[in-house]
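Below are the chains, spelled out letter by letter.
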Amino acid sequence: MARINYFYNWFPFQDCQLRQFSNNELNMHLVYIPGSLSFNSLVVPISVGATINHTYTISFGLYSISGSTLSLANSASYASNDFNNSFWKNITDISATQDITPGNWFFAYIITESSNNPRVNNIIFQNATRDYSIDVNVGGPFVRGRYSVTTNGFPASIATSDMSKIEDSSATNPKAAPLLIISA
Amino acid sequence: MAQLNFVQNYNFHPTDTVGVTNGTLLFFAQNIEDSISLATINLLNRITISSLANISFTYSLGLYSMTGNTLSLANSVSLSYNSNNLIGNETINIYVSGTATSATQNITPGTWYWGIVGTSSGSVLASADYSFLGGLSANPQNAFPSFFIGGRMTDSTNNLPSSYATSDLDTTGKDAMFVPYILLSG
């Protein structure tokens, strides 16, 4: 397999909107990374409204899967108190040196905020027409969903049976994921 | 080559739809990057019900290889959905899944083709609209001008052909070139 310099979890950029994720809710989705990639930084677009400081932490987890167990391979986080700002955040504090191997991985995301006003917004792959609920869940193994308990950190391992396959169109929507870009 | 656990042709849920017509076989291509065991297959569908109390439909899904201009059936699976508790005037989005493949197969990397044909039944057939969810919002008015990536049979059929010439397929318009969302789990 060839080496790649970047990977983003969805495309194209214009087919998106801003969305808030629920506090301490771990959402996870399947990706396929097509080449070897040195995990040097994570770029996340962030938008914070209002005119007062807002304390929050964005956490990203990279999970592998073996059988019915998801295992944390790496993580990155960004803590701040921004306000009235929209920006790309380049997170270079990666928990472990890693050359990501090609194949299936799971991207996990948690946001922890000090209050509900204002709220951090992320760019997500979703517009009005994509905001539909799934009435019969995917058959077979877990591919997208939400962790069964609230948490502000990533468990080292998660049984897929503890991940809900619910793909509803509520504000806390596991089938909507923030745009995440890993770069070498 | 590595062994994958999952293959999907869209990272997230697409929103374009194309109607499913009984007896029309649609082919679409998929590049499979690494090996994957053909175990569970999911398709994403939208059903709009007007006045049915129960519905039932079945897809025959075939995995085809291609040599020259001939598609050859390598494997097949039946996927079905039944419901007898739907109310009228609703739209549902569902995964339709299947596991009973005709053969045990570890799909090798490369370009493969899916052929899919559906049949539906129910108390009032005309009151339900079945659609694949996938991609292609445009409706090109000429035949696809390059290497075969998909098309549909012009003859009606309820069965997957063991082989088929791509030159006999219609490649004009959205209905012929649509790519439904498909998810493989190994």
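Residues numbered from 1 in each chain as written. Chains lettered and ligands numbered in written order. Predicted model: local features only at pLDDT ≥ 70, side-chain atom pairs only at ≥ 80, totals over all residues. Heavy atoms only, no water.

> Just checking my understanding: could you explain the overall build of chain A for this structure?
Across its full length, chain A holds 0 helices and 15 strands. In chain A, which comprises 184 residues, the share counted as buried stands at 53%. Sequence separation of at least 24 residues holds for 83% of the intrachain contacts in chain A that already meet a minimum separation of 6. Accessible surface, chain A as shown: approximately 7500 Å² in total, 49% of it carbon and sulfur. (Helix = DSSP H or I, 4+ residues; strand = E, 2+ residues; numbered from the N terminus. Buried < 20%, exposed > 50% of the residue type's maximum accessible area, 1.4 Å probe, protein only. Contact = heavy atoms within 4.5 Å. Areas by Shrake-Rupley, 256 points an atom, 1.4 Å probe, with all protein chains shown as cover.)

> Teacher, can you tell me more about the overall build of chain B here?
The helix and strand inventory of chain B stands at 1 helix and 17 strands. By the compact-globule yardstick of 16 Å for 186 residues, chain B fits well, its C-alpha radius of gyration being 16 Å. Across its three principal axes, chain B shows a C-alpha extent of roughly 50 × 35 × 30 Å. Each of the 186 residues in chain B was classed as buried or not, and the buried ones make up 49%. A separation of at least 24 residues holds for 85% of the contacts in chain B among residues at least 6 apart in sequence. For chain B, the exposed area adds up to about 7700 Å²; of that, 45% sits on carbon and sulfur atoms. (Rg over C-alpha atoms; globule rule 2.2 N^0.38 Å.)

> When you look at the sheet that holds strand β10 (residues 106–107) of chain B in this model, what are you seeing that I'm missing?
In a beta sheet, neighbouring strands are held together by backbone hydrogen bonds and run either parallel or antiparallel to one another. All names here are of chain B. The strand order across the open sheet formed by 3 strands is β1-β5-β10, and the pairing between neighbours is mixed. Edge positions in the sheet fall to β1 (3–4) and β10, since each has one partner strand and no second. In terms of strand pairing, strand β5 (residues 35–37) meets β10 through 2 bridges, oriented antiparallel. Residue pairing for β10: Ile36 is matched across the bridge by Ile107. (Pairing = 2+ DSSP bridges.)

> Got a minute to help me understand the interface of chain B and chain A in this structure?
Often the size quoted for an interface is simply the accessible area lost on bringing the parts together. With 26 residues of chain B at the contact, the number on the chain A side is 29 residues. At the boundary of chain B with chain A, total buried surface from both sides reaches about 2300 Å², with 59% on carbon and sulfur atoms. Of all residues in chain B, Phe6(B), Phe12(B) and His13(B) bury the most surface against chain A, accounting for 33% of the area lost on that side. Between the two partners, chain B and chain A, sit 0 salt bridges. (Buried area = accessible area lost by both parts, 1.4 Å probe. Salt bridge = Lys/Arg side-chain N within 4 Å of Asp/Glu carboxyl O.)

> Looking at this model, I keep getting lost on the pattern of salt bridges. Mind explaining?
All names here are of chain B. Scanning the model with the defined rule gives 4 salt bridges over all chains in all. Between Asp170 and Arg152 there is a salt bridge whose closest N-O contact spans 3.3 Å. Taken together, the positions of Asp170 in strand β15 (residues 169–170) and Arg152 in strand β13 (residues 150–153) put the pair 18 residues apart, joining distant regions of the chain. Look at the salt bridges and you will find they share partners, linking Arg152, Asp170 and Asp175 into a network.

> Got a minute to help me understand the nonpolar core in this structure?
The tendency in soluble globular proteins is for nonpolar side chains to be buried as a group. Within the largest apolar cluster, 34 residues are counted, with the highest numbers of intra-cluster contacts made by Ile47(B), Tyr59(B) and Leu184(B). If you list the elements that add at least two residues to this core, you get β4 (26–32), β6 (40–49), β7 (55–67), β8 (70–83), β9 (90–98), β11 (110–122), β12 (128–135) and β17 (182–185) of chain B. By size, the runner-up hydrophobic cluster in this structure holds 28 residues, among which are Phe7(A), Val31(A), Tyr56(A) and Ile100(A). (Core = buried A, V, L, I, M, F, W, Y, C linked by side-chain atoms within 4.5 Å.)

> Teacher, can you tell me more about the packing of aromatic side chains here?
Given two aromatic rings, their pairing is described by the distance between the two centres and the angle made by the two planes. Residues and elements named next belong to chain A. For the structure shown, the criterion picks out 16 aromatic pairs over all chains. Where Tyr63 meets Phe154, the ring centres are 6.2 Å apart and the plane angle is 75 degrees; that geometry is what we call edge-to-face. On the criterion of sequence distance, the pair formed by Tyr63 in strand β6 (residues 56–66) and Phe154 in the loop between β12 (144–147) and β13 (157–159) is long-range, its members being 91 residues apart. Comparing Tyr63 with Phe154 shows no difference in burial state: the two are buried. (Phe/Tyr/Trp six-rings, centres within 6.5 Å; stacked < 30°, edge-to-face > 60°.)

> How do you make sense of the sheet that holds β6(A) when you look at a structure like this?
All names here are of chain A. Strands sit in the order β13-β7-β6-β10-β3-β12-β14 across an open sheet of 7 strands; the sheet is antiparallel. The sheet is open, and its two borders are formed by β13 and β14 (163–164), each paired with just one other strand. In the sheet, β12 pairs with β14 via 2 bridges, with the strands oriented antiparallel. Across the sheet, the residue bridging to Tyr147 is Met163, located in β14.

> When you look at the pairing of β17(B) in this model, what are you seeing that I'm missing?
In summary, the side chains of a regular strand alternate between the two faces of the sheet. Residues and elements named next belong to chain B. Here β17 shows a buried face lined by Ile182 and Leu184 and a second buried face lined by Leu183 and Ser185. Direction of pairing for strand β2 (residues 6–8) relative to β17: antiparallel, over a ladder of 3 bridges. By the bridge assignment, Phe6 is partnered in β17 with Ser185. Sheet topology note: the β6/β17 ladder contains 4 bridges and is antiparallel. Paired with Leu43 across the strands is Ile182, a residue of β17.

Purely geometric numbers; function is a separate question.
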